[in-house]
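Listed below, chain by chain, are the residues.
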Amino acid sequence: MKEPLFIDISCYQLKKWGQNAFGDTYMSKRYPEQGRLIATLSDGLGSGIKANILSQMTATMLLKFVAAGKDILRASEVIMNSLPICQVRKISYATFSIIDCYDNGAVRIIEEGNPQFIWLRGASVFEPEAEIIESKNFSNRQLQLYRLQLQPGDRLIFCSDGVTQAGMGSRALPLGWKREGLIRFLVEEIIKNPFVPSNQLAKAMVETATTKERDYKLKDDAAAMVLHFRQPRKAMVFTGLPYYESRDSEYAERLADFQGKKAVCGGSTANMIARELKRPIKGMVRGVGDLPPCSLIDGIDLVTEGILTLSRTADYLENGIENNEDPAGLLCNLLLNSDCIEFLVGAKFNMSHFDPDLPIELEIRKTVVKKMIKLLTEKHLKKVEAEFF
């Protein structure tokens, strides 16, 4: 049976120069049990707080309709026929794109008012036909519906018009960067790095759009959303000893046989893995920061201390990485650079977790891991499984 694709999605945004709120809104939700992901990008009229409210409202309603079981086409029609028109500018209060993706590569895209998305397979550009659905209430409003079947490696690129119109009115770009300029940029980036991750490509798009503006000051909010359909990158995190010592060998072999990145967190856990796999711990890596240093075991990508490092990693997942080179930063990057993550969490009692000299807010291993799983799943849109044994 062919392994399903993973949908790697990321969005990067910058505000219009001088504004304190984003006028564009990105939202997404993954449905692991369905192998499905829904994402939307909405551009509110104007900029600042007003645009933020309008785009937030549009994106939120779209996702809530879908979560309630509405078909995305029906949800999009309701939004299109409901959004009022600005009486001054005679245009919609918000535009939007919504994407309905499945792990088997089946995709539906609906756009209303946003720049047309870009479909890339390597450095090749595809221009699919759209089904046009006219609004029942507004003569100048319509949906473009696309049905696609993607292959591994395909990318879908979405943006607000702050990207494609960057530089408009300048001598070099009187009509703006335009979709054609964006395509040339994307092709060049992918030729340079065929494996460029979605977050890096989205950031490069928006930052390059900024360079098209005079004094690098954006005249509009700019947002870029990138979806990459590819084989999943996997990681396993093993922390804690099995409750039954007789299962040490079974779980150590399971780690050894895993195809992907491997991390072991905890001194006792590392000693057990080294013993069962007959791979000695070679020594300590010079520490960076205030966490205990990493160790080395052949075949294991990262070996760290346990609860302190896991707790710091959870904090980094929630608030951003403060130190890319301390053990928690290394573990956080390993997780964020993976798509499908499996936690093996041993349940053997460890008195060191209850040392009264440790900080009072320190959580026990299972609680910390559950927090990490929640953050990885809901905030970072990873596929996560956990086994507590």
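Residues numbered from 1 in each chain as written. Predicted model: local features only at pLDDT ≥ 70, side-chain atom pairs only at ≥ 80, totals over all residues. Heavy atoms only, no water.

Student: Just checking my understanding: could you explain helix α8 (residues 307–319) for this structure?
Tutor: For an α-helix the count is 3.6 residues per turn, leaving residues at separations of three or four pointing the same way. Taking 1.5 Å of rise per residue, 13 residues should cover 18 Å, and α8 covers 18 Å from first to last C-alpha, within 8% of that figure. G320 sits one or two positions beyond α8 and adopts a positive phi of about 100°. (Helix = DSSP H or I, 4+ residues; strand = E, 2+ residues; numbered from the N terminus. Expected span 1.5 Å × (residues − 1).)

Student: How should I be thinking about the sheet that holds strand β3 (residues 36–44) in this particular structure?
Tutor: Paired through backbone hydrogen bonds, the strands of a sheet run either parallel or antiparallel to each other. Spatially, six strands are ordered β2-β3-β4-β5-β9-β8 in an open sheet, and the strand pairing comes out antiparallel. Only two strands of the sheet have a single neighbouring strand rather than two, namely β2 (24–31) and β8 (131–134). Averaged over all neighbouring strand pairs, the angle between strand axes comes to 15°, with direction disregarded. Sheet topology places strand β4 (residues 94–102) next to strand β5 (residues 106–112); five bridges connect them, and they run antiparallel. Counted as the bridge partner of C101 is V107 from β5. On the sheet, helix α1 (residues 48–67) packs against β2, β3 and β4 and is oriented at approximately 155° with respect to β3. (Pairing = 2+ DSSP bridges. Axes fitted to C-alpha atoms, helices over the stretch in contact; angles between N-to-C directions. Contact = heavy atoms within 4.5 Å.)

Student: Even after reading the chapter, I still don't get the packing of α1 against helix α2 (residues 72–82), so can you show me in this structure?
Tutor: Packed helices, taken two at a time, are described by the angle their axes make and the gap between the axes. Contact geometry for α1 and α2: axes closest at 9 Å, N-to-C directions at 145°. Here the hand of the crossing between α1 and α2 comes out right-handed. Counting all contacts with α1, which are made through T58, M61, L62, F65 and V66, the residues of α2 involved are I72, A75, S76, V78 and I79. Split into classes, the residues belonging to the contact of α1 with α2 amount to eight nonpolar, two polar and no charged. (Left-handed = near helix turned anticlockwise from the far one by under 90°. Nonpolar A, V, L, I, M, F, W, Y, C, P; charged D, E, K, R; others polar.)

Student: Whenever I open this one, the pairing of strand β15 (residues 340–345) confuses me. Can you help?
Tutor: Consecutive side chains of a regular strand alternate in pointing toward one face of the sheet and then the other. Within β15, six of the six residues are buried, which leaves it mostly tucked inside the rest of the structure. Along β15, one buried face is formed by C340, E342 and L344 and the opposite face, lined by I341, F343 and V345, is buried too. Of the pairings in the sheet, the one linking strand β12 (residues 234–239) to β15 comprises six bridges and is parallel in character. Among the inter-strand pairings, V237 is bridged to a residue of β15, identified as F343. Bridge count for β15 against strand β16 (residues 383–388) is six bridges, and the pairing is parallel. What sits directly across from L344, in β16, is E387. (Buried < 20%, exposed > 50% of the residue type's maximum accessible area, 1.4 Å probe, protein only.)

Student: Got a minute to help me understand unusual backbone geometry in this structure?
Tutor: Leaving glycine out, the prevailing phi sign among residues is negative, and the prevailing peptide bond configuration is trans. Here the phi dihedral of K178 falls at roughly 70°; this positive angle occurs in a residue that is not glycine. Residue placement: K178 occurs in helix α4 (residues 178–192).

Student: Is there a simple way to explain α2 in this structure?
Tutor: Most of α2 sits inside the fold, with eight of its 11 residues counted as buried. When we look at burial in α2, the residues that qualify are I72, L73, A75, S76, E77, I79, M80 and N81. Buried residues belonging to α2 abut β3, α1, β4, β5, β8 and β9 (142–149). A side-chain oxygen of the first residue of α2 lies 2.8 Å from the backbone nitrogen of L73; this N-cap is D71. (Polar contact = N/O pair within 3.5 Å; in protein donor to acceptor, adjacent residues only side chain to side chain.)

Student: Quick question: what am I supposed to make of the packing of α8 against helix α10 (residues 365–379) here?
Tutor: Relative orientation of the contacting elements α8 and α10 amounts to 25°, with a least axis distance of 9 Å. For the element pair α8 / α10, the angle class is roughly parallel. When the axes of α8 and α10 are compared, the crossing they make is left-handed. Contacts from I307, L310, S311, T313, A314, L317, E318 and N319 of α8 reach α10 at R365, V368, K371, M372, L375, L376 and K379. Residue composition of the contact of α8 with α10, grouped by class: eight nonpolar, three polar and four charged. (Parallel < 35°, antiparallel > 145°, perpendicular 65-115°, else oblique.)

Student: I tried to follow the sheet that holds strand β6 (residues 118–121) on my own but got confused; where do I start?
Tutor: Taken together, the five strands give an open sheet; going across it, the order is β1-β11-β10-β6-β7, and neighbouring strands pair in antiparallel fashion. What marks the edges here is a single partner per strand, and that holds for β1 (6–14) and β7 (124–126). This sheet shows a mean twist of 25° between the axes of neighbouring strands, independent of strand direction. On top of the sheet, α4 reaches β6, β7 and β10 (154–159); it is set at about 25° to β6, its chief contact.

Student: Explain the packing of aromatic side chains here, please?
Tutor: Geometrically, a pair of aromatic rings is defined through the distance of the ring centres and the angle of the planes. Considering all chains together, one arrives at seven aromatic pairs under this definition. Pairwise contacts between aromatic rings join F117, Y146 and F158 into one cluster. If you follow K15 out to its NZ or CZ, it ends over the ring of F22, 4.3 Å from the centre. Geometry around F388 places K370 over its ring, the cationic atom sitting 5.8 Å from the centre. (Phe/Tyr/Trp six-rings, centres within 6.5 Å; stacked < 30°, edge-to-face > 60°. Lys NZ or Arg CZ within 6 Å of the ring centre and 35° of its normal.)

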